[in-house]
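Chain and residue survey
Okay, here's what each chain looks like letter by letter:
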Amino acid sequence: MASHDSEPDDSPPHDIKPHAGGSEPDYRFTLANERTFLAWLRTALGLLAGGVAVHQLVPSPAVASAVLAALCVVLAAVLAATAYPRWRRVQIAMRAGEPLPRSLMILVLTGGLLVLIVAAAVLLVVS
């Protein structure tokens, strides 16, 4: 396989940190990266609140509402756990002048929301 056909290396340079090394990125890009990080956290908080609401407000069937609530909480935890590492990789890539790393979290969030929607639809039909 030719070198240009291989997967890009998403590992950060070892001598560059989020706030040191490389060149200082335009502050607008740094702030945009921070806003994206905060948006991931807001989404996680919204999913967590949705999971708590489903658990408290949807009475029957109990198993189905517990599963839906658990799915919300698990997806919230995954988003919260991956938000900072994503912010860090992007910040380091900007400092290094490299392409931004790919994120599988967009696919995970989309798939997770699709599962939640299907589970909610099943809950509506069953109840």
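For the structure, check the block above.
Everything in this summary refers to the structure shown in the same document. Model, not experiment: these values are computed from the prediction. (Residues numbered from 1 in each chain as written. Predicted model: local features only at pLDDT ≥ 70, side-chain atom pairs only at ≥ 80, totals over all residues. Heavy atoms only, no water.)

Focus on the environment of Leu47
For Leu47, the position within the fold is in helix α1 (residues 27-57). Placed 32 residues apart in sequence, Leu47 and Leu79 show a C-alpha to C-alpha distance of 9.5 Å. Once residues within four sequence positions are removed from consideration, Leu47 is found in contact with Cys72, Leu75, Ala76, Leu79, Leu109, Leu113 and Leu116. (Helix = DSSP H or I, 4+ residues; strand = E, 2+ residues; numbered from the N terminus. Contact = heavy atoms within 4.5 Å.)

Points about helix α3 (residues 105-126)
Spanning 22 residues, α3 covers 31 Å between terminal C-alpha atoms, matching the ideal 32 Å at 1.5 Å per step. Residues of α3 that are buried: Met105, Leu109, Gly112, Leu116 and Leu123. Looking down the long axis of α3, one finds its buried residues gathered within 70 degrees of arc, a one-sided arrangement. Opposite the buried face of α3, by more than 90 degrees, sit the exposed residues Ile106, Leu107, Leu114, Ile117 and Val125. (Expected span 1.5 Å × (residues − 1). Buried < 20%, exposed > 50% of the residue type's maximum accessible area, 1.4 Å probe, protein only. Arc of directions from axis to C-beta.)

Digging into α1
Between the first and last C-alpha of α1 there are 44 Å, a value that for 31 residues agrees with the 45 Å anticipated at 1.5 Å per step. Three or more residues of α1 are buried, namely Thr30, Asn33, Phe37, Trp40, Ala44, Leu47, Gly51 and Val54. In this structure, the buried side of α1 is in contact with α2 (62-96) and α3.

A word on the packing of α2 against α3
One can describe the packing of α2 onto α3 by two numbers: an axis separation of 10 Å at closest approach and a directional angle of 170 degrees. Between α2 and α3, the crossing angle belongs to the class labelled roughly antiparallel. Between α2 and α3 lies a crossing whose hand is left-handed. Touching Ala64, Ser65, Leu68, Leu71, Cys72, Leu75, Val78, Leu79 and Thr82 of α2 are Met105, Val108, Leu109, Gly112, Leu113, Val115, Leu116, Ala119, Ala120 and Leu123, all from α3. Per-class residue counts for the contact of α2 with α3 are 16 nonpolar, three polar and no charged. (Axes fitted to C-alpha atoms, helices over the stretch in contact; angles between N-to-C directions. Parallel < 35°, antiparallel > 145°, perpendicular 65-115°, else oblique. Left-handed = near helix turned anticlockwise from the far one by under 90°. Nonpolar A, V, L, I, M, F, W, Y, C, P; charged D, E, K, R; others polar.)

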